[in-house]
Amino acid sequence: MQDFQAYIRNFSKALSPESAPVDLIPPLRYIPDFMAPWMKLWNETRAQQQSLYFSFLRCTEQGLDSGSRERCIIQAILARREELGLTREMIAYIGGALIDAGTETISTLMQSLILCLAKNPRCLKKAQEEIDDLIGDKRLPIASDIDELPYIQALIKEVFAQIHRFRPVLPTGLPHAAIHDCHGGYTTIQVELFERPDEFWPERYLLTPDGTIPGLDKDYTIRPNLPFGSGKNILVMRLIWAFDLGLKEGYASENNMTWSLEEEYMDGLTLSPKKFDIAVTPRSSVRAKMIEDSYMKVGDNGADDEVAERLRKSMTLDESWWIE
């Protein structure tokens, strides 16, 4: 895990225009390596990448050789390697790319979520009360519960949409010829559309579907969700249901609902919060045990049954071959 974290940090730096300006200034590719400090970073990152990707592939191959048959896309691809015409390196990079894309993006979003909840105990308490009224200690939250939790829906929208638009996970888009504020359902930041735009305030989505000022005359809809699966709903519900979160001393006031991009977030390809210390406390021993049992079930039997079934139903026949 430490090797992977070190690689991800270097990978993020290597793709950042500040660290490697070759894409912005193409003639720089012709200067000698000793005059290009980014080359050392690139070479180190490449070596880390190949070491990790092929170690993951070897682990999967060893599992196949020992008779293991997990619900794993790389195992399925290996079984059809000749049919698909893929080299071993191609398969290693398919698996590695999936891990890269699914790890850094969702972890960055979850860091923002936890920071939001820790900084705003009022919002966390309100969300906990809502989910407690629905299920109490009877069971873990499941995907279908989200339909009965309007405040948590609003909280998720505020984190993964409103907060994300101010602090995108991959802030690499460079506007160069913007002629409209909104196109295809996406909008540039127009603070006049939002009441209290700089605050973490989930209630805005209880007033209007877009979180905009009620009664606003507009002929478009702002998408309140992001292209991540519904699994994030389960993750957020279980986090709120199972744990209390609180900032430790020395970070910021827990009543501070506003944000400072410069002070609280790091620069780089992925826009992550700077290190912050929080106290994570199980809300009860019963809930802690349910979380532990659920984790062990995933480790023993693969994905959560409900999540796996929803995934299977959402796929076409051509897409579902790898989980059979």
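Relevant structure appears above.
Here's a quick rundown of the structure. (Residues numbered from 1 in each chain as written. Predicted model: local features only at pLDDT ≥ 70, side-chain atom pairs only at ≥ 80, totals over all residues. Heavy atoms only, no water.)

## Considering the pattern of salt bridges
- The tally for this structure, following the rule as stated, stands at 13 salt bridges.
- One salt bridge connects Glu-203 with Lys-126, and the closest N-O pair in it is separated by 3.3 Å. Of the two residues, Glu-203 sits in the loop between strand E2 (186-187) and helix H8 (204-207) while Lys-126 sits in helix H6 (residues 121-135), which places them 77 residues apart along the sequence.
- Here Lys-126 falls in the partly exposed class, since its relative accessible area comes to 35%.
- The shortest N-O distance in the salt bridge between Arg-204 and Glu-158 comes to 3.0 Å. You can see Arg-204 sitting in helix H8 and its partner Glu-158 sitting in helix H7 (residues 150-166), a full 46 residues away along the chain. Both residues of the pair, Arg-204 and Glu-158, belong to the buried class. (Salt bridge = Lys/Arg side-chain N within 4 Å of Asp/Glu carboxyl O. Helix = DSSP H or I, 4+ residues; strand = E, 2+ residues; numbered from the N terminus. Buried < 20%, exposed > 50% of the residue type's maximum accessible area, 1.4 Å probe, protein only.)

## Some words on the packing of aromatic side chains
- For the coordinates displayed, the defined rule picks out three aromatic pairs.
- When the ring of Tyr-53 is compared with that of Tyr-93, the centres are 4.8 Å apart and the planes differ by 80 degrees; the resulting orientation is edge-to-face. Of this pair, Tyr-53 sits in helix H2 (residues 37-65) while Tyr-93 sits in helix H5 (residues 88-119), and the two are 40 residues apart along the sequence.
- Clustering of aromatic rings is evident, with ring pairs tying together Tyr-7, Phe-11, Tyr-53 and Tyr-93.
- Directly above the ring of Trp-201 sits Arg-196, whose terminal nitrogen or CZ lies 4.2 Å from the centroid. (Phe/Tyr/Trp six-rings, centres within 6.5 Å; stacked < 30°, edge-to-face > 60°. Lys NZ or Arg CZ within 6 Å of the ring centre and 35° of its normal.)

## Topic: the packing of helix H1 (residues 2-15) against H2
- At their nearest, the axes of H1 and H2 sit 9 Å apart, and the two run at 140 degrees to each other. The orientation of H1 with respect to H2, classified from their angle, is oblique. Here the hand of the crossing between H1 and H2 comes out left-handed. When H1 is examined against H2, the residues Asp-3, Phe-4, Ala-6, Tyr-7, Asn-10, Phe-11, Lys-13 and Ala-14 are found in contact with a partner set consisting of Leu-41, Trp-42, Glu-44, Thr-45, Gln-48, Gln-49, Leu-52, Tyr-53 and Phe-56.
- Of the residues assigned to the contact of H1 with H2, the class counts are ten nonpolar, four polar and three charged. (Axes fitted to C-alpha atoms, helices over the stretch in contact; angles between N-to-C directions. Parallel < 35°, antiparallel > 145°, perpendicular 65-115°, else oblique. Left-handed = near helix turned anticlockwise from the far one by under 90°. Contact = heavy atoms within 4.5 Å. Nonpolar A, V, L, I, M, F, W, Y, C, P; charged D, E, K, R; others polar.)

## So, H1
- For H1, built from 14 residues, the straight-helix expectation of 20 Å at 1.5 Å per residue is met to within 8% by its first-to-last C-alpha distance of 20 Å.
- Three or more residues of H1 are buried, namely Phe-4, Tyr-7, Ile-8, Asn-10, Ser-12 and Ala-14.
- In this structure, the buried residues of H1 make contact with H2 and H5. (Expected span 1.5 Å × (residues − 1).)

## Details of the nonpolar core
- Within the largest apolar cluster, 35 residues are counted, with the highest numbers of intra-cluster contacts made by Leu-113, Leu-117, Ile-131, Ile-152, Leu-155 and Ile-240.
- Elements represented by at least two residues in this core include exactly H5, H6, H7, helix H9 (231-242) and strand E3 (243-247).
- In contact with Ile-152, other than residues within four places in its own chain, are Ala-127, Glu-130, Ile-131, Ile-146, Met-237 and Ile-240.
- Phe-4, Tyr-7, Ile-8 and Phe-54 belong to the second largest nonpolar core, which has twelve residues in total. (Core = buried A, V, L, I, M, F, W, Y, C linked by side-chain atoms within 4.5 Å.)

## Let's talk about the environment of Ala-92
- Along the chain, Ala-92 turns up in helix H5.
- Note on Ala-92: relative accessible area 3%, which makes it buried.
- On a C-alpha basis, the gap between Ala-92 and Tyr-53 in space is 5.4 Å, while along the polypeptide they are 39 residues apart.
- If we ignore the near neighbours within four places in the chain, the residues touching Ala-92 are Tyr-53, Phe-54 and Leu-57.

## A look at the environment of Ala-118
- Secondary-structure assignment places Ala-118 in helix H5.
- Residue Ala-118 is classed as buried on the basis of its relative accessible area, which comes to 1%.
- A C-alpha to C-alpha distance of 8.6 Å links Ala-118 and Asp-244, two positions 126 residues apart in sequence.

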